[in-house]
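Reading the structure
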Amino acid sequence: MCKLFLLILFHTLCESLKVTRKINCLTRYSFSYCVKEYREVCPKHEHFELLDWELNLPLERRIRYEEMASSGLNGLYRPRSALARAMYEKHRNDRYLQEFDQNEWYQVDKSKLSPELQEKFVQLHPDKETQEFLSTSIDKSSWVWTQLWYILAKSFLRHFWTTTDINGWLGRGSMFVLSSAQTKTLLSRARAGRSGIDKQSTLVDIGAGDGEVSRRYADLFGTKYATEISASMRKVLSGKGFTVLDVEDWWKGQKFSCVCMMNLVDRCMRPRTMLQQAREALTPDGLLLLALVLPYKAYVEATSDHKPEERLPITGITFEEQVSSFVEFMRGLGWEIASWSRVPYLCEGDFAQAYYWLDDSIYVFRPIES
């Protein structure tokens, strides 16, 4: 059996090296293949896409980059090998990321919001913990042989495991939404006039993935629980100090100070049901901490058609319109908005780019007293 495994692995490696399709797609921006590849970076989200940043550049800069690519860097260097081209393209992407104004991640147009949403909005900024995550992602993306190992290992393992299981086993694709300080700010605003967080409080992170998102603020609570479908991710969660609960019965027989659903309701089969379960599981003064990528795009990894049984009725085109629609939907389910903000949903990068992001809306809800 061991010999058979080694033979299969050797065959996979040979095919990958022979075709070099993955490396060439990274270096030549074969988008039809790259987007499919990059969508598998994030354990929860299947739509982290390669940033087509050149399309957003002024015309004169696009022309300059095209001239550099065709005639050589500043007329002196023209990468020829696949690896050299990959490093060259990565350098260009990383240079764009360095010039990008990260404050744009946190901005909203308040003129398009209702008075209530304007009042409850909390302006956040890229803080020290956010910068540390980005710096770590930049360092990891430069580990050439590690990134090549990820590509080759995934080529083999994808025949047996889901993307979530692969990422859990490889320890790749960690994500970031909120820092500890940002979470404190949101919860403090939501708890105005109420008691703050203490060491007697309990947190449960539903669909926690590898626990990296909630790990950054879970220590604000005395006890931390989690649920996760992926077996490999459950092992990771246990190693990070989470008590892993049953996916189906987590909300029965126990009350929590905070239920956390970070980028889950657009990735689960029955989001309405889970939101109702969260309401049942909260203490009288408990809060729901929820993140949702906008524009809304439902995707369920576990089903063949990737469609949920319960789809959220979110309407609108702009970020602000969809926020308003979602908050109104939550009100119909018995949830009141306590505070909210806009943040980036960050994900560690790969061989082509240091990190990726999506526009994330982050909310703190409390149950409407009946």
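First, a word on scope: everything that follows refers to the structure included in this document. Keep in mind the model is a prediction, meaning the values are calculated, not measured. (Residues numbered from 1 in each chain as written. Predicted model: local features only at pLDDT ≥ 70, side-chain atom pairs only at ≥ 80, totals over all residues. Heavy atoms only, no water.)

1. Digging into the overall build of the chain
- The secondary structure content of the chain amounts to 14 helices and eight strands.
- Here the chain holds 370 residues, and 55% of them are scored as buried.
- Counting contacts in the chain only where the partners sit at least 6 residues apart, residues at least 24 apart contribute 71% of the total.
- Accessible surface computed for the chain: about 17600 Å², of which carbon and sulfur atoms make up 54%. (Helix = DSSP H or I, 4+ residues; strand = E, 2+ residues; numbered from the N terminus. Buried < 20%, exposed > 50% of the residue type's maximum accessible area, 1.4 Å probe, protein only. Contact = heavy atoms within 4.5 Å. Areas by Shrake-Rupley, 256 points an atom, 1.4 Å probe, with all protein chains shown as cover.)

2. Quick look at the pattern of salt bridges
- Under the counting rule described, the total for this entry stands at twelve salt bridges.
- Among the ionic pairs, D219 bridges to K224, the shortest N-O distance being 3.4 Å.
- Using a relative accessible area of 52% as the deciding quantity, one classes D219 as exposed.
- Put simply, D266 and R267 hold a salt bridge, and the shortest N to O gap is 3.9 Å. With respect to burial, D266 and R267 carry one shared label: buried.
- One salt-bridge network, in which partners are shared between bridges, spans E129, E212, R215, R216 and K240. (Salt bridge = Lys/Arg side-chain N within 4 Å of Asp/Glu carboxyl O.)

3. Description of the sheet that holds strand β3 (residues 223–226)
- Overall, mixed pairing links the eight strands, which are arranged β1-β7-β8-β6-β5-β2-β3-β4 in an open sheet. Among the strands making up the open sheet, the edge pair consists of β1 (175–176) and β4 (243–244).
- Two strands pair when backbone bridges link them, and strand β5 (residues 256–262) and strand β6 (residues 282–293) are joined in this way by six bridges, in the parallel orientation. What sits directly across from M262, in β6, is A291.
- Where helix α14 (residues 319–332) meets the sheet, its contacts fall on β6, β7 (335–348) and β8 (355–367), and the angle it forms with β8 comes to roughly 35°. (Pairing = 2+ DSSP bridges. Axes fitted to C-alpha atoms, helices over the stretch in contact; angles between N-to-C directions.)

4. What to know about the nonpolar core
- If you look at the biggest cluster of nonpolar residues, it comprises 44 residues, and the most contacted ones within it are L178, Y217, M262, L289 and I362.
- When neighbours within four sequence positions are excluded, L178 is seen to be in contact with L124, T183, L186, V213, R216, Y217, M262, L289, V343 and I362.
- Formed by 40 residues, the second largest nonpolar core is a distinct cluster that contains F121, C268, A281 and F365. (Core = buried A, V, L, I, M, F, W, Y, C linked by side-chain atoms within 4.5 Å.)

5. A look at helix α10 (residues 180–190)
- Among the residues of α10, S180, Q182, T183, L186, L187 and A190 are the ones counted as buried. Angular distribution of buried residues about the axis of α10 spans 160°; they occupy a single face of the element. (Arc of directions from axis to C-beta.)

6. Some points on unusual backbone geometry
- Between L294 and the following residue, P295, the backbone shows a cis peptide bond with an omega angle of 5°.
- Structurally, P295 is set in the loop between β6 and α14.
- A positive phi is found at H306, a non-glycine position, where the angle reads about 60°.
- Tracing the backbone shows H306 in the loop between β6 and α14.
- We classify H306 as partly exposed; its relative accessible area is 28%.

7. Thoughts on the pairing of strand β2 (residues 202–205)
- Across the two faces of β2 the burial is the same, with T202 and V204 and L203 and D205 all buried.
- In this sheet, β3 lies alongside β2 in parallel orientation, the contact comprising four bridges. What sits directly across from L203, in β3, is K224.
- Bridging between β2 and β5 involves three bridges; their strand directions are parallel. Following the sheet pairing, V204 is matched in β5 by V259.

8. Structural notes on the environment of L346
- Mapped onto the secondary structure, L346 falls in strand β7.
- Look at L346 and you get buried, because its relative accessible area is 0%.
- The spacing of L346 and L134 is 212 residues in sequence and 8.4 Å in space, taken between C-alpha atoms.
- Contacts of L346, omitting those with residues within four sequence positions, involve W105, T130, F133, L134, S174, M175, F176, Y355, Y356 and W357.

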